[in-house]
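Residue-level structure breakdown
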Amino acid sequence: MSVPLASCFSSTTSKTTVKPEKRTQLKKPDTAILLLQICRSVKELVQVHTLLVKTSLLREKYAFGRLLSSYGSSESHRALDYARKLFDSVDIERNSFMYNTMIRAYYARGMPREAFVVYSNMLCADCVYPDEFTFTFVFSACSKFGGVFEGKQAHAHMTKCHVKFGTHSWNSLMDFYVKIGEVGCVVRRLFDRIENPDIVSWNCLIDAYVKSGDLDEARRLFGEMPERDVVSWTTMLVGYVNNGLLSEASSLFDEMPERNLVSWTALINGYTQMGCYSKALDLFKEMQAAEVEMDEIILTTLLSACARLGALDQGHWLHMYVERNGIKVDAHLSTALIDMYSKCGQIDMARKLFMETADKKVFVWNSILGGLAMHSLGEEALELFVKMTESGIEPNGITYINILAACNHSGLVDAGLQVFDRMVVSQKIIPTMEHYGCLVDLLGRAGLLYEAFHIVKMMPVKADGNVLRSILGACRLHGNVELGEQVGRNLIEMEPLNDTNYVLLSNLYAMANRWEIVGELRRRMKAKDLTKTPGCSSINVNGVVHEFVSRDHFHPMSKEIRKLLEVLTRHMVQDDNQLL
């Protein structure tokens, strides 16, 4: 909704001799007015409203304003209707306080466009001027509904007004430009116009440079701030995290004199996004020791880390935390719980949580379908997929990736081909590389190697390394050296510095006892200074995640582990000899 304000500027800016009107207060408020302070429901407000009408007090500006404010501050949408009718119907000269009340009421109830319309009407009214509170609400409303044009109109009006606006109004304007993405020099110019910038002004300026990616300037300003609060520190922390500078983020986090939930969430989320799941859970333990209360956002992030590590104990503890603290399990948190239990081997618990989820959005269905695929329960996944479509939920691209993966892990070739055909023909979804990868892997595992290779050649986009490696692995599995050689050579040409390609092709030749080519491939790897990426595994013991890399000796119990492995190996050899 765009409301042209240019027609209003001339009338509002020309009235320079009229000063903003001062509110008149009753020296001795009537009892009916005092009752407004103790009203706890819309019903009680209506009763006082009736009393004000009967006593004719409603025509007093103070009484009218107090009643309007009471309606506007109520959380009930019914109260907002009463406020709108009261504002429109009573024949009384309105002032900026009354307009501000309506603007704020609409904004607070998630109706920012309507809030801007009230502001527009205010500009066209006679002898009513915005005050220092007006633009605070207006710019927030424009940010909320993405009103770039409307917000800039309001900025122009604020500049033309012959009213000296306070720091709060300028802060709101800066925040508006940050939220619409026009950061850097624009916000800097606004900051320089503020006579007495406060800590909010500084935080907004730093946030602008962080969002523009200029961390050096943000850090310089951070050092120049006359004072800092937890928002200042957290803004810089988020900047480092979003740019992948986890070392700097961790150091800054350690320096913080005070931390809030956003600070903890930002760093934990950073570790999770970068795949440092162990560090994310270590930070979670510190958070527990600090007795920080968690919300749905950080719980979702922590559950994701638990899922990646298979840390069932911590994941179950987080689930119990949700239940103990009565945290509402929305669709996002439910998805995280289902995903965690699925990846930690507890598919029955994942099923139970899915059934208990009231708001089954498409990503909730995707999470359980992915879990069933992971556990090779392809037929059950297909049945659930049918129920999903029958319930009116429209599958998306991720849904089809999960269903194709389920067919792949269960060897359901015909069903997988039908699903892919339905996605393209019926749903009109353009397949991505992931979809083609699932289909190629499905055919390759089933031994349909040339059919899989035909899909690769017919794809509208060039196959990436993952798709070709899938075929190469299938060629080794089914002993097709000829096709595997062709695919392997293409892979090495496409990715000459990927050690995995050399290893896979080398294993294929080794299986065929073509050792001279195996030696040639290893010499090429050595010439390119390529070494095989060592295998890595992890295990969760008593809440502590232990990671092991092939041939490393860094674990504190490395010697004891090796001794135990030698004992187990001897027992296995003895058992094999006895069987022979």
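Residues numbered from 1 in each chain as written. Predicted model: local features only at pLDDT ≥ 70, side-chain atom pairs only at ≥ 80, totals over all residues. Heavy atoms only, no water.

In the annotation of an unreviewed UniProt entry, the protein chain is listed under the name Chlororespiratory reduction 4 and assigned to Erythroxylum novogranatense. Under Sequence similarities (unreviewed entry), UniProt gives the following word-for-word description of the protein chain: "Belongs to the PPR family. PCMP-H subfamily." (UniProt positions renumbered as here; feature names shortened; annotations may be inferred.)

Some words on the overall build of the protein chain
When you go through the protein chain residue by residue, the secondary structure sums to 32 helices and 2 strands. Going through the 580 residues of the protein chain one by one, you find that 46% of them count as buried. Looking at the protein chain alone, contacts between residues at least 24 apart form 59% of all its contacts between residues at least 6 apart. Carbon together with sulfur atoms contributes 53% to the accessible area of the protein chain, which is approximately 30900 Å² in total. (Helix = DSSP H or I, 4+ residues; strand = E, 2+ residues; numbered from the N terminus. Buried < 20%, exposed > 50% of the residue type's maximum accessible area, 1.4 Å probe, protein only. Contact = heavy atoms within 4.5 Å. Areas by Shrake-Rupley, 256 points an atom, 1.4 Å probe, with all protein chains shown as cover.)

Section: the environment of Asp 207
Structurally, the position occupied by Asp 207 is in helix H12 (residues 199-211). Along the primary structure Asp 207 and Met 236 are separated by 29 residues, whereas in three dimensions their C-alpha atoms are 7.8 Å apart. Among all residues touching Asp 207, those that are not within four sequence positions of it are Val 178 and Thr 235.

Notes on helix H8 (residues 134-144)
Burial analysis of H8 places 8 of its 11 residues in the buried class, which makes it a mostly covered element. Of the residues making up H8, those classed as buried are Thr 134, Phe 135, Phe 137, Val 138, Phe 139, Ala 141, Cys 142 and Ser 143. Where the residues of H8 are buried, they touch helix H6 (96-108), helix H7 (112-124), helix H9 (148-160) and helix H10 (167-179). Phi turns positive, to about 70 degrees, at Gly 146, one or two residues after H8.

Notes on the packing of helix H11 (residues 185-193) against H12
At a closest axis distance of 9 Å, the pairing of H11 and H12 adopts a crossing angle of 165 degrees. One finds that H11 runs roughly antiparallel with respect to H12. When you trace H11 past H12, the crossing you get is left-handed. Residues Val 187, Arg 188 and Phe 191 of H11 form the contact with H12, whose own contacting residues are Ser 201, Trp 202, Cys 204, Leu 205, Ala 208 and Tyr 209. When its residues are assigned to classes, the contact of H11 with H12 shows 7 nonpolar, 1 polar and 1 charged. (Axes fitted to C-alpha atoms, helices over the stretch in contact; angles between N-to-C directions. Parallel < 35°, antiparallel > 145°, perpendicular 65-115°, else oblique. Left-handed = near helix turned anticlockwise from the far one by under 90°. Nonpolar A, V, L, I, M, F, W, Y, C, P; charged D, E, K, R; others polar.)

Considering the side chain of Thr 265
Its place among the elements puts Thr 265 in helix H16 (residues 261-273). Looking at Thr 265, the relative accessible area reads 13%, which means it is buried. Every residue in contact with Thr 265, bar those within four places of it in the chain, is listed here: Ile 297 and Ile 298.

Some words on the packing of helix H23 (residues 378-390) against helix H24 (residues 397-410)
Relative orientation of the contacting elements H23 and H24 amounts to 155 degrees, with a least axis distance of 8 Å. One element, H23, and the other, H24, form an angle in the roughly antiparallel class. The crossing of H23 and H24 is left-handed. Listed contacts from H24 to Gly 378, Ala 381, Leu 382, Phe 385 and Met 388 of H23 are Thr 399, Tyr 400, Ile 403, Ala 406, Cys 407 and Ser 410. The residue inventory of the contact of H23 with H24, partitioned by class, reads 8 nonpolar, 3 polar and no charged.

Some details on a nonpolar patch on the surface
On the surface, a cluster of nonpolar side chains totalling about 510 Å² of accessible area is made up of Met 557, Ile 561, Leu 564, Leu 565, Val 567 and Leu 568. Along the chain, Leu 568 falls in helix H32 (residues 558-579). Residue class for Leu 568 comes out partly exposed when judged on its relative accessible area of 44%. (Patch = residues over 30% accessible without salt bridge, like charges linked within 9 Å, V, L, I, M, F, W, Y side chains within 5 Å. Salt bridge = Lys/Arg side-chain N within 4 Å of Asp/Glu carboxyl O.)

Here we look at a negative patch on the surface
A cluster of acidic side chains, namely Asp 254, Glu 255, Asp 282 and Glu 286, defines a negative patch on the protein surface. Elements with a contribution of two residues or more to the negative patch: helix H15 (246-255) and helix H17 (277-289). Within the secondary structure layout, Asp 254 lies in helix H15. (Lys, Arg positive; Asp, Glu negative; His and termini not counted. Charge placed at Lys NZ, Arg CZ, Asp CG, Glu CD.)

A look at H7
Relative to the 18 Å expected for 13 residues at 1.5 Å per residue, H7 spans 19 Å between its end C-alpha atoms, a close match to the ideal helical length. For H7, the full list of buried residues reads Pro 112, Ala 115, Phe 116, Val 118, Tyr 119, Ser 120, Met 122 and Leu 123. (Expected span 1.5 Å × (residues − 1).)

Some words on the packing of aromatic side chains
Per the counting criterion, the structure on display carries 17 aromatic pairs. Here the aromatic rings of Phe 191 and Trp 202 are separated by 5.1 Å at their centres, their planes lie at 70 degrees, and the arrangement is edge-to-face. Of the two residues, Phe 191 is situated in helix H11 and Trp 202 in helix H12; the sequence distance between them amounts to 11 residues. Between Phe 354 and Trp 365, the aromatic rings sit 5.0 Å apart at their centres with planes inclined by 75 degrees, giving edge-to-face as the arrangement. Placement of Phe 354 in helix H21 (residues 347-356) and of Trp 365 in helix H22 (residues 362-374) is noted, with a sequence separation of 11 residues between them. This pair shows no difference in class: Phe 354 is buried, exactly as Trp 365 is. Site record: aromatic cluster; members linked through ring pairs are Phe 116, Tyr 119, Phe 135, Phe 139, Phe 145, Phe 165, Phe 176 and Tyr 177. In this structure, Arg 259 is placed above the aromatic ring of Phe 253, and the distance from its NZ or CZ to the ring centre is 4.0 Å. (Phe/Tyr/Trp six-rings, centres within 6.5 Å; stacked < 30°, edge-to-face > 60°. Lys NZ or Arg CZ within 6 Å of the ring centre and 35° of its normal.)

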